[in-house]
Amino acid sequence: MKKGLGLSVVLIIAPVTQAADIEAGKAKVTTVCAACHGATGVSVSDDIPNLAGQRARYLEAQLKALKDGTRKNPIMNAIAAQLSSQDMANVAAYFAAQPGAEKGARSSFLPNVAKTRVTFPEGYKDTFTKYHTINFPATKQVRYYYANEAAVRAAKEGNALPHDSVLFAEVYAARLDTEKKPVMGGDGFYVADKLLFYTAMARGTGWGKDIPEMLRNGDWNYTVFTTDKQHRPGVNQALCLACHKPLGNTSYVFTLKQLAGAK
Ligand code: HEC
Ligand code: HEC
C-alpha cells in the first residue's frame, strides 16, 4: 500500500510540460533555423515563410505536424524530426516575440552554412563514370549522374563513400515536340537539348566542421555550377543539406544503389 502511494506522488510532481525558454530558442534559431528563416524570423527567400511575429501555438503545432509527417515538406520534415517538444516550445516562443517582418524584407544567408568547398570537376567526362539517368516530367528536364572513381569503388564494395568522393549531375532541358512535350529517346529517356546547369556534392576532410549538427551531412558540401562552371549565385546550401540529411546511412546519397550497380 505504502509503496503504491509513493509512486503516484512521484508521477504527480514530475513536470508534464516545461515553460518555454526563449534564450534557448534563440540559440537554436541563430545557429540552425536562421539559415533559411533568418535570425529574427525574416526569411532568406520568397519560397521560405517568415516566422517573425507568428503565434507561438501555431508554430508549435506546425512543427509537431512536420515532425510526425502529417504536414509534408522534405526539408522541414528532416529538420523537425530532430527537435524535441521542448525545442519546439522554445523556438516558437522566440519567433513569436520577434516584431513582424516589414514588407519585402529578406535576411542574408548564414555565411558558414552557405560556404561550399566543392570545385568544378574538370575533365569529368573522361574520368568519371556515368551511372544513372532520370527524367523529370514536371520541369521537362533530364539529368545524367556521374561519379568519380573513389565513389564508384566504395559503393561497389558496400563501403561508406570516402573523402574525395564527387557526385555530379548534368541538368538538361528536354527537347520538346510541336506540342511542347518532351521527345522520348529509344532508351526511354528524354532527348537532351540545352545544358542548363550542373549540381554537385563532394566530400573533403573537415568540410562539415562549420555546419551546425542539425544540418551537417558528415563532411559533404554541395553546390550548383552554371554552364560556364562558376558557382551559381544565390544557392542556399542549407536546402541541399536539410533534404539529404535523413540519408546518413547511405552516405547522404539518394542514388547509392544505382552507383553500386554502375557499369
Ligand atoms: C533548409 C532551410 C530551412 C531550415 C534550416 C529551417 N526551415 Fe523551417 N521551413 C523551411 C521551408 C522551405 C518551409 C516551408 C515548408 C512548406 O512549404 O510546407 C518551412 C516552414 C517552417 C514552418 C511552418 C511555417 C508556417 O507558416 O506554416 C515552421 C514553424 C518552421 N519552418 C520552423 C523552423 C524551425 C524552428 C527551424 C530551426 C530549428 C527551421 N524551420 C529551419 C525551410 C527551413
Ligand atoms: C527537396 C529535397 C532535395 C533538395 C533540397 C536537394 N536535393 Fe539533391 N537529391 C534529392 C533527390 C530526391 C535526389 C535523387 C535523384 C534526383 O531526384 O535527382 C538527389 C540527388 C542529388 C545528387 C546525386 C547524388 C544523390 O544523392 O543521389 C546530387 C549531386 C545532388 N542531389 C545535389 C544537390 C544540391 C547541390 C542541392 C542544393 C542546391 C540539392 N541536391 C538539394 C533531393 C534533394
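As shown above, the structure is provided for reference.
First things first, this report covers the structure right here in the doc. (Residues numbered from 1 in each chain as written. Chains lettered and ligands numbered in written order. Predicted model: local features only at pLDDT ≥ 70, side-chain atom pairs only at ≥ 80, totals over all residues. Heavy atoms only, no water.)

### With respect to helix 3 (residues 56-68)
So, point 1. Taking 1.5 Å as the rise per residue, helix 3 with 13 residues should run 18 Å; its terminal C-alpha atoms sit 18 Å apart, in good agreement.
So, point 2. The complete set of buried residues in helix 3 reads Leu59, Gln62, Leu63, Ala65 and Leu66. Buried residues in helix 3, looked at end-on, bunch into an arc of 165°, giving them a common side. The exposed set on the far side of helix 3, more than 90 degrees from its buried face, consists of Arg57 and Asp68.
So, point 3. In this structure, the buried side of helix 3 is in contact with helix 4 (74-80) and helix 5 (85-96). (Helix = DSSP H or I, 4+ residues; strand = E, 2+ residues; numbered from the N terminus. Expected span 1.5 Å × (residues − 1). Buried < 20%, exposed > 50% of the residue type's maximum accessible area, 1.4 Å probe, protein only. Arc of directions from axis to C-beta. Contact = heavy atoms within 4.5 Å.)

### Here we look at the pairing of strand 2 (residues 141-147)
So, point 1. When you tally the buried positions in strand 2, you get seven out of seven residues, the bulk of the element.
So, point 2. Residues Gln141, Arg143, Tyr145 and Ala147 of strand 2 are buried on one face, and the alternating residues Val142, Tyr144 and Tyr146, pointing to the opposite face, are buried as well.
So, point 3. Pairing between strand 1 (residues 129-136) and strand 2: seven bridges, direction antiparallel. Within strand 2, the residue paired with histidine 132 across the bridge is tyrosine 145. (Pairing = 2+ DSSP bridges.)

### With respect to the packing of aromatic side chains
So, point 1. Across all of its chains, the model carries 12 aromatic pairs by this definition.
So, point 2. For the ring pair phenylalanine 120 and phenylalanine 168, a centre distance of 5.5 Å and an interplane angle of 85° mean the geometry is edge-to-face. Residue phenylalanine 120 is found in the loop between helix 6 (111-114) and helix 7 (124-127), and its partner phenylalanine 168 is found in strand 3 (residues 166-174); the two are separated by 48 residues along the sequence. Taken individually, phenylalanine 120 and phenylalanine 168 each receive the classification buried, so the pair is uniform in this respect.
So, point 3. These aromatic residues form a ring-pair network of at least three members: Phe120, Tyr124, Phe128, Tyr146, Phe168, Tyr198 and Phe225.
So, point 4. Cation over ring: lysine 130 sits above tyrosine 144, and NZ or CZ is 4.0 Å from the ring centre.
So, point 5. Directly above the aromatic system of phenylalanine 197 lies the positively charged group of arginine 232, at a separation of 4.6 Å from the ring centroid. (Phe/Tyr/Trp six-rings, centres within 6.5 Å; stacked < 30°, edge-to-face > 60°. Lys NZ or Arg CZ within 6 Å of the ring centre and 35° of its normal.)

### Thoughts on the coordination of the iron atom of ligand 1
So, point 1. Donor atoms from the polypeptide that bind the iron atom of ligand 1 are His37 (NE2) and Met76 (SD), placed at 2.0 to 2.3 Å.
So, point 2. For the iron atom of ligand 1, the six donor atoms in the first shell make angles of 85 to 178° at the metal, a pattern classed as octahedral. Of this pair, histidine 37 sits in helix 2 (residues 22-37) while methionine 76 sits in helix 4; the two residues are 39 residues apart in sequence, bridging distant segments of the chain. (Donors = N, O, S within 2.8 Å, 3.2 Å for Na, K, Ca; no water. Tetrahedral: all angles 85-135°; square planar, octahedral: opposite > 155°, others 65-115°.)

### Digging into the side chain of threonine 223
So, point 1. Note that threonine 223 resides in strand 5 (residues 220-225).
So, point 2. Assessed through its relative accessible area of 6%, threonine 223 is described here as buried.

### Remarks on unusual backbone geometry
So, point 1. Phi is positive for lysine 229, which is not a glycine, with a value near 70°.
So, point 2. Here lysine 229 is to be found in the loop between strand 5 and helix 9 (237-244).
So, point 3. For lysine 229, a relative accessible area of 36% gives the class partly exposed.
So, point 4. A positive phi angle, near 65°, is found at tyrosine 252, a position not held by glycine.

### Quick notes on the pattern of salt bridges
So, point 1. Throughout the structure, instances matching the rule amount to 10 salt bridges.
So, point 2. Put simply, glutamate 179 and lysine 181 hold a salt bridge, and the shortest N to O gap is 2.9 Å.
So, point 3. Residue classification places glutamate 179 among the exposed residues on the basis of a relative accessible area of 57%.
So, point 4. Residue glutamate 213 pairs with lysine 245 through a salt bridge whose shortest N-O separation is 3.5 Å. Residue glutamate 213 is found in the loop between strand 4 (192-203) and strand 5, and its partner lysine 245 is found in the loop between helix 9 and helix 10 (256-260); the two are separated by 32 residues along the sequence.
So, point 5. Overall, the relative accessible area of 13% leaves lysine 245 in the buried class.
So, point 6. Several salt bridges share partner residues, and in doing so they unite Arg117, Lys209 and Asp210 into one network. (Salt bridge = Lys/Arg side-chain N within 4 Å of Asp/Glu carboxyl O.)

### Examining the site of ligand 1
So, point 1. Ligand 1 sits among 22 residues. The nearest are Cys33, Cys36, His37, Tyr58 and Met76.
So, point 2. Within the side chain of histidine 37, one N or O atom sits 2.8 Å away from a nitrogen atom of ligand 1.
So, point 3. Side-chain polar atom of arginine 71 to an oxygen atom of ligand 1: 2.8 Å apart, as the coordinates give it.
So, point 4. Of all the secondary structure elements, the ones that give two or more residues to the shell around ligand 1 are helix 2, helix 3, helix 4 and helix 9.
So, point 5. Split into classes, the residues belonging to the shell around ligand 1 amount to 17 nonpolar, four polar and one charged.
So, point 6. The residues that make up the shell around ligand 1 include at least three from each of domain 1 (16-108) and domain 2 (124-260). (Near = heavy atom within 4 Å. Polar contact = N/O pair within 3.5 Å; in protein donor to acceptor, adjacent residues only side chain to side chain. Nonpolar A, V, L, I, M, F, W, Y, C, P; charged D, E, K, R; others polar. Domains from an automatic or database assignment.)

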